Amino acid sequence: MKGGTRQLLLFLAGYSVGFVSFVLFSDVTRVHVGKNVSPIVVQSKTDTVMANNIPYTLRGDSLKSKSRTCNCTDGNTLKVNFQAIDPEELKEVKDRRKAELQKFKRRKESSKETLLIVNGSVPLSYPAQGVVVAPHEPVYIPGLKVADDTVRDDYKVQLLSAEFGVLDIGATVPNVDVNGLGTTSLTMSSTSLAHLNRQLEFVVYVSTVFDIDAREYVHFVYMQHEAIIPIIIRVRKPPILYDTGKAGEIHDKVTAVTKTFLRYGSVRLLLRSIQKYYPRMRVVVADDSKPIEDLQSEHVDHYVMPFASGWFGGRNLAVSQVTTPYLLWLDDDFVFTEDTKLEIMAGVLDNSNLDVVSGIAGEKNLVTTRMELIPGTDDDDGYCIYHKSGNYGQVPGFPDCYLTTKVFNFFMGRSDEIRSVGFYPAYSRYADREFYLEALGKLRMAACKGIHIGHNQTRNREYKKYRYGRDQEENYKKYIMRVNYFRSNADCWHR
């Protein structure tokens, strides 16, 4: 482009893990994000000003307040996970964790963040995002053009692909020589810039390697100028649609789910309250009590599990049986009241991109939490899990709802999105934070005022023995810490 340097920040959405491409219009620098990686710089101007000797003053205080590094030894640490591991075993466990982390990163390689920077003024037009192709299929690369006011005897461009496909053309243009058809290096030349640009309109990328989600980078070169074009290779996925009927009544949209254990008095009270306010709503109950009391009825499906199978195992069973677009998660000692307005929750989900919406249980205030991962010094270091009360502001269009990363256990969510995160069944007794940790970056959540449910807390002696018994408490607490340390690559919880 002509004129001074123009900066445009473009976010390219990725699959599963986000892909970010920074494009500064002109010639391209490509940097794989990560420490100790030298960028590949393509300079377009021979008279580039070397600015290394120009002095500057760092604004350290303003950046330091926004940039954090994991530190598990300061006074704000809530729980240090690796303290649950025997010191003699810790190095071995840490090495195994590092090896598993590298395998995880390799599996996600196609979605890694790649930084694209363009240096100087480039006379090339090209797509900076939005080119998507299915595996083993062709796609036109739109917008290719050379802008050059200088009259030349010959105009020549080269396009290069890398890993996942080849380059071709969909039509021929007279007075243009094309070489390398069906290869990873396509060259075009002509004495007429107009003819060359016309030929560029028919450049085709052909995917040749199967991958469900990959990124190809096509290099577009003219003289000393170079642009990098990202191409997304992605399998077409069928949508998941729910027919909620012509009326779209609440019981056609929402299934209530709960997990119960040794609290039949509480869960029967919950079921009666649902029957009172939403008599046609289906309820799924996962139950690992003993002895078993039958809860099956017209709108209640009672699924019996082996004794003391565990909380998250029961949650997985319950949500697996939902056939409506939304599910309503309830603790077994909740009670519906006249202020339990499920229509409000469903309305927020219907009219936003949120995945989970929560309300207020009992006499508590609205619960919102800021949960974030703070990286270590090196890429392979464990995270600190930042966990503190707070929110990320109001949901646009819903002034009573606040963006958060953790909610209370009274929430409505998109069934398929919640199933995609799942509930790790090793968390058998309690795991108030762990589902939300695994949902971090996967589920968009909000907590909303004006939606209430009663909380009739009951903990009989037998129930408390299994959940809070001192003979098991310390072992289970250490077990959770070990799982956090290895499974979530988390060294500690931080506030």
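Labelled according to an unreviewed UniProt entry, the protein appears under the name Beta-1,4 N-acetylgalactosaminyltransferase 1-like isoform X1, originating from Branchiostoma floridae.

**Q** Can you tell me about the overall build of the protein, naming the residues and giving the values?
**A** Within the protein one finds eleven helices and 30 strands. The buried share of the protein, taken over its 495 residues, is 46%. If you sum the accessible surface of the protein, you get close to 26000 Å²; carbon and sulfur atoms cover 51% of it.

**Q** How would you summarise the sheet that holds strand 15 (residues 203-207) if you had to cite specific residues and measurements?
**A** Strand order in the open sheet formed by three strands is 9-15-12, and the pairing between neighbours is antiparallel. What marks the edges here is a single partner per strand, and that holds for strand 9 (138-140) and strand 12 (165-169). Across the sheet, the axes of successive neighbouring strands diverge by a mean angle of 30°, strand direction being ignored. Bridge count for strand 9 against strand 15 is three bridges, and the pairing is antiparallel. Paired with Val139 across the strands is Tyr205, a residue of strand 15.

**Q** Can you break down the nonpolar core residue by residue, with the values?
**A** With 37 residues, the main nonpolar core has Leu328, Leu330, Phe336, Leu342, Phe410 and Met412 as its most contacted residues. Broken down by secondary-structure element, the contributors of at least two residues to this core are strand 18 (254-260), helix 5 (264-277), strand 19 (283-287), strand 21 (326-331), helix 7 (342-350), strand 23 (356-361), strand 27 (398-404) and strand 29 (445-455). With sequence-adjacent residues up to four places away left out, Met412 is seen in contact with Val254, Tyr326, Leu327, Leu328, Leu342, Met345, Ala346, Leu349, Asp355, Val356 and Val357.

**Q** A description of the sheet that holds strand 17 (residues 225-234) should follow, citing residues and the corresponding values.
**A** Ordered by their spatial adjacency, six strands build an open sheet running 8-17-16-11-14-13, and the pairing between neighbours is mixed. The sheet is open, and its two borders are formed by strand 8 (131-133) and strand 13 (177-179), each paired with just one other strand. Each strand of the sheet is rotated relative to its neighbour by a mean of 20°, with strand direction disregarded. One ladder, built from three bridges, connects strand 13 with strand 14 (residues 185-190); its direction is antiparallel. When the sheet's bridge partners are listed, Val178 is paired in strand 14 with Met188.

Criteria and thresholds
- Residues numbered from 1 in each chain as written.
- Predicted model: local features only at pLDDT ≥ 70, side-chain atom pairs only at ≥ 80, totals over all residues.
- Heavy atoms only, no water.
- Helix = DSSP H or I, 4+ residues; strand = E, 2+ residues; numbered from the N terminus.
- Buried < 20%, exposed > 50% of the residue type's maximum accessible area, 1.4 Å probe, protein only.
- Areas by Shrake-Rupley, 256 points an atom, 1.4 Å probe, with all protein chains shown as cover.
- Pairing = 2+ DSSP bridges.
- Axes fitted to C-alpha atoms, helices over the stretch in contact; angles between N-to-C directions.
- Core = buried A, V, L, I, M, F, W, Y, C linked by side-chain atoms within 4.5 Å.
- Contact = heavy atoms within 4.5 Å.

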